[in-house]
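# Secondary and tertiary structure notes
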Amino acid sequence: EGFDDNFEPWENRPFLRLIEADGIIDFGGEYWTNFGNSEDMFGANRNDHFGPNTNPSTRSNSIAYTGIDISDISGSDTIIYFDLDQEVKTAGWPHHTDSSGFPPALYDIDSDGVDEVFVSGKNYLLAFKADGDFIFDPVPGTEIISERRSTPRGPLHEITYYDTLRVIGSMGAVRRITTPPAVFDLDDDGIAEVAVGTEFGEVYLYKMQDLDADGRADRIRVNDLSDYEISTSIVVADADPDSDGYELLAATADGGFYILSAEGETLSQTIGFNNIQQFSVSEDFEYAFALNYTEDAGNKNYFIHDLRNPAIFVSIPGEAVGFTAGIVDTSSNIRVVALNSEGQMFTFESDGERFRDYMNNNPINLGHSVTSTPILYPSFTESGRSQIIFAGENEIYAYDLNGSPVRNFPQEADIHQATGPITSTPIVVDVTGDGHSEVLFGTPDGEIFLMTQDGSRIVNSPIASPLSIHTSPAFSTSAPDLNNRGNLYSVTGDGLIYSFVLPYVEDDNAEPYLQYGGGSHHQNFQRKSIQSVDIDEGLLAKCYNYPNPAREFTRIRFELSDDAEANIRIYDLAGRLVYEDNMQALGGAANEYTWELDNFPSGVYHCRLEVNGSGSSDVQLWNIAVVK
C-alpha cells in the first residue's frame with residue numbers, strides 16, 4: 001500500500017516529507033521513492049504505521065518520546081490521508097504566555113477536584129482551565145492577541161501563530177512582572193486571591209471573581225511598597241495571629257520585608273535584610289527564613305536570616321544558588337540547607353536563638369556544580385529520612401543531610417547528549433502507581449525526564465518538549481474526564497505553556513511535591529516529621545566501601561537504625577593500627593566517610609567500624625584492598 005504495483009519510482013525524487021509545521025521537532029525527514037531502504041517508512045511490512053518504535057520513529061531529534069503515532073496511511077495520491085494520535089499531549093494546549101519566564105502555579109479555585117493553571121507573563125497575569133480554556137471570557141473587543149513567528153526547517157515558509165491570551169490581570173505596558181503568581185484563599189471566603197509583584201516594587205492583588213463583568217479578575221489593591229522591584233516569590237502564611245486568614249510576605253530589592261493583609265494593606269515592614277533572593281516559611285509563620293545578599297564592588301556576600309529575629313543570621317560562602325528548610329525528624333529544631341554554585345552544601349540547625357552547624361562538617365564538598373534551587377523532600381527513598389534533591393550539569397542529585405549521596409545517585413539526565421546546566425527545580429510525584437515517588441524536571445534541550453528512586457527512567461521518558469525548559473514544571477493530580485491520570489504543565493523557552501497527560505494514582509505513602517515552592521503558596525518549607533526507621537539487623541544495618549580495590553581514596557558507607565557515634569579503625573596485616581577517626585552518623589540515612597590513601601602503600605587492610613548510640617553498639621569487620 002502506498003504504491004501501485006506497476007509504479008516505477010523516479011530515482012531520488014522526494015515522495016513524502018514528515019516535519020512539524022513549526023519545524024521544531026522535525027522527527028522524520030525526507031522519504032524517497034526508491035522504497036525498501038531503512039530510511040523509507042513505506043518499506044515492506046511497515047508501510048501503514050509510523051510510531052515511537054518503528055524505523056524511522058516519531059521520537060524527537062534527541063530520541064525523546066513525542067507520543068505521536070501515525071497509522072492507516074492511505075495509498076499514494078495527490079492527497080494522502082492518515083490517522084494521527086498524540087498519547088501524552090493534552091488536547092487544547094499549548095498556549096501563549098506573554099513570554100513567561102516563571103513556573104506555573106496550580107490551584108483548584110472552584111473546588112471541583114481539578115486544578116486551574118496560573119502563569120505570570122511579561123505584563124499580564126494569565127489563568128487557564130485544565131482544558132486550556134478561559135476562566136473569564138473576555139469582553140468582545142478587549143481580547144489580547146499574541147503573535148508568534150516560526151521559521152521552520154525544510155521547505156515550509158515562515159509561519160505565524162496567533163493565540164488569545166487568557167488574561168485575568170494587566171500591569172500595563174510599562175510594568176514588568178517579576179514573580180510567579182501566589183494563589184490562595186487568603187480570607188477563607190471560598191474565593192481565591194492571586195498576587196504578583198512588579199519591577200516597580202508593587203504588589204498587585206486580584207480576587208478570582210468578575211463582579212464588574214470586564215472579563216478579568218477583580219483587582220483588590222495595588223500596594224506600592226518601594227521604588228525597587230519585588231525580588232522573589234510572594235509567600236502565603238498565617239503571619240498575623242490577630243487575623244482569621246492568611247497574609248502575604250513580599251520582599252524588595254532594597255532589603256525590605258513586608259507583611260500584607262488579605263486586602264493588600266501593609267501590616268508591617270522591615271528594612272535592612274539587603275536583597276532577599278528566596279524565602280522558606282512555615283505555614284503558621286513559626287519558622288521564617290530568608291536568603292539574602294549584600295553587594296560590594298560587584299561581589300555578593302550571602303546570608304540566611306531568621307525573619308522573626310533579624311539579629312540571628314549565618315553567612316553562606318560563595319554564590320548561593322538556593323536554600324530550603326523544614327522539620328526533618330522528631331525534634332523541634334529546624335534544619336536549614338543551602339547550596340552554592342561551586343558545589344558546596346551547608347546544613348544548619350536552628351532553635352530560634354542561633355544557627356548551629358548541623359553535623360559539624362560545613363561545608364560539605366559535593367564535587368560538582370549546582371545549577372537549580374534545591375527541594376527538601378520527606379523520604380524520597382525508604383530510609384525514613386528527608387533528602388535534598390537538585391540539579392546540576394546534565395545530572396540530578398539526591399543527598400542525605402549529612403552530605404552522603406542517596407544510593408544510585410547522581411544520575412545523568414541525557415545519556416546520549418549532555419544537556420548543559422539544568423535550572424529546572426525538580427518536583428516529586430508518583431507517576432508509576434507503585435507507591436514510590438519519581439523525580440520530574442526539564443532540560444535546556446527541551447526534554448522532560450521522569451526518574452525513579454533507583455535512578456532509572458520510566459517507560460517513554462524523556463518526553464519531548466518543543467524548546468528549552470528552564471523553570472520548574474507543575475503536576476496536577478487530576479486530569480479532566482480521566483481516571484488515574486494527571487496533567488503535567490511546563491513553560492518552554494519560546495513562551496508557550498504545554499500540558500501532558502501522565503499516569504497518577506493517589507497513594508498515602510508517597511507524599512508529592514507538585515510545584516515550585518511546594519505549592520501555590522511558595523512556602524518552600526517541609527513540615528512533615530520523619531520517624532526513625534527500624535532495621536531488623538540491629539544498630540548497624542549495612543556497611544561496605546567503594547571502590548574496592550582502591551587507589552587514591554575509598555568511601556566507607558554504612559546505614560544505621562538510629563543516630564550514633566561511629567569509630568573507624570584501619571589495621572594492616574600485621575595487626576598494627578595505622579588509621580583512626582570518629583564521626584557523628586545519622587540513623588535511617590546513608591553515612592559516608594572518605595579514607596584518603598596518599599600515605600598508605602599497596603596491600604590488604606582490615607577495616608573495623610564500631611557504632612555506639614541509643615544504649616547499644618555494633619561492630620563490623622571487612623577487608624579493603626589498596627592497589628597503586
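As shown above, the structure is provided for reference.
Predicted model, so just to flag it, every value in this text is computed and none were measured.

### What to know about the sheet that holds strand β8 (residues 116-120)
- What the 4 strands build is an open sheet, ordered β7-β8-β9-β12; its pairing is antiparallel. Each edge of the open sheet carries a strand with a single partner, namely β7 (105-107) and β12 (167-170). Geometrically, the sheet is characterised by an average inter-axis angle of 20° between neighbouring strands, direction not taken into account.
- Pairing of strand β9 (residues 124-128) with β12 involves 3 bridges; the strand directions are antiparallel. Bridge pairing in β12 links L125 to G169.

### Focus: the sheet that holds strand β39 (residues 485-491)
- Across the sheet, 4 strands lie side by side as β6-β40-β39-β38; this open sheet has antiparallel pairing. What marks the edges here is a single partner per strand, and that holds for β6 (95-96) and β38 (474-476).
- In terms of strand pairing, β39 meets strand β40 (residues 496-503) through 7 bridges, oriented antiparallel. Across the sheet, the residue bridging to V491 is I497, located in β40.

### Concerning the nonpolar core
- Membership of the largest hydrophobic core comes to 34 residues, with the highest contact counts inside it found for F118, I168, V203, M208, I234 and L248.
- Mapped onto this core, the elements with two or more residues apiece are β7, β9, β13 (182-184), β14 (193-197), β15 (202-207), β18 (247-251) and β19 (256-260).
- Of the residues forming this core, the biggest block, 4 residues, is contributed by β15.
- What V203 contacts, discounting residues up to four positions off in sequence, is A195, V196, G197, R221, V222, N223, L225, I230, I234, A250 and L260.
- Judged by nonpolar contacts, the second largest core, of 23 residues, contains L539, A566, C607 and V611.

### Considering the environment of F323
- Turning to its location among the elements, F323 is positioned in strand β25 (residues 320-326).
- On the basis of relative accessible area, F323 is assigned to the buried category, the value being 0%.
- Along the sequence, F323 and A290 sit 33 residues apart, while their C-alpha atoms lie 8.7 Å from each other.
- Discounting chain neighbours no more than four positions away, the residues touching F323 are Q278, F279, S280, F289, A290, L291, I304, V336, V337, A338, P374 and N524.

Conventions and cut-offs
Residues numbered from 1 in each chain as written. Predicted model: local features only at pLDDT ≥ 70, side-chain atom pairs only at ≥ 80, totals over all residues. Heavy atoms only, no water. Pairing = 2+ DSSP bridges. Helix = DSSP H or I, 4+ residues; strand = E, 2+ residues; numbered from the N terminus. Axes fitted to C-alpha atoms, helices over the stretch in contact; angles between N-to-C directions. Core = buried A, V, L, I, M, F, W, Y, C linked by side-chain atoms within 4.5 Å. Buried < 20%, exposed > 50% of the residue type's maximum accessible area, 1.4 Å probe, protein only. Contact = heavy atoms within 4.5 Å.

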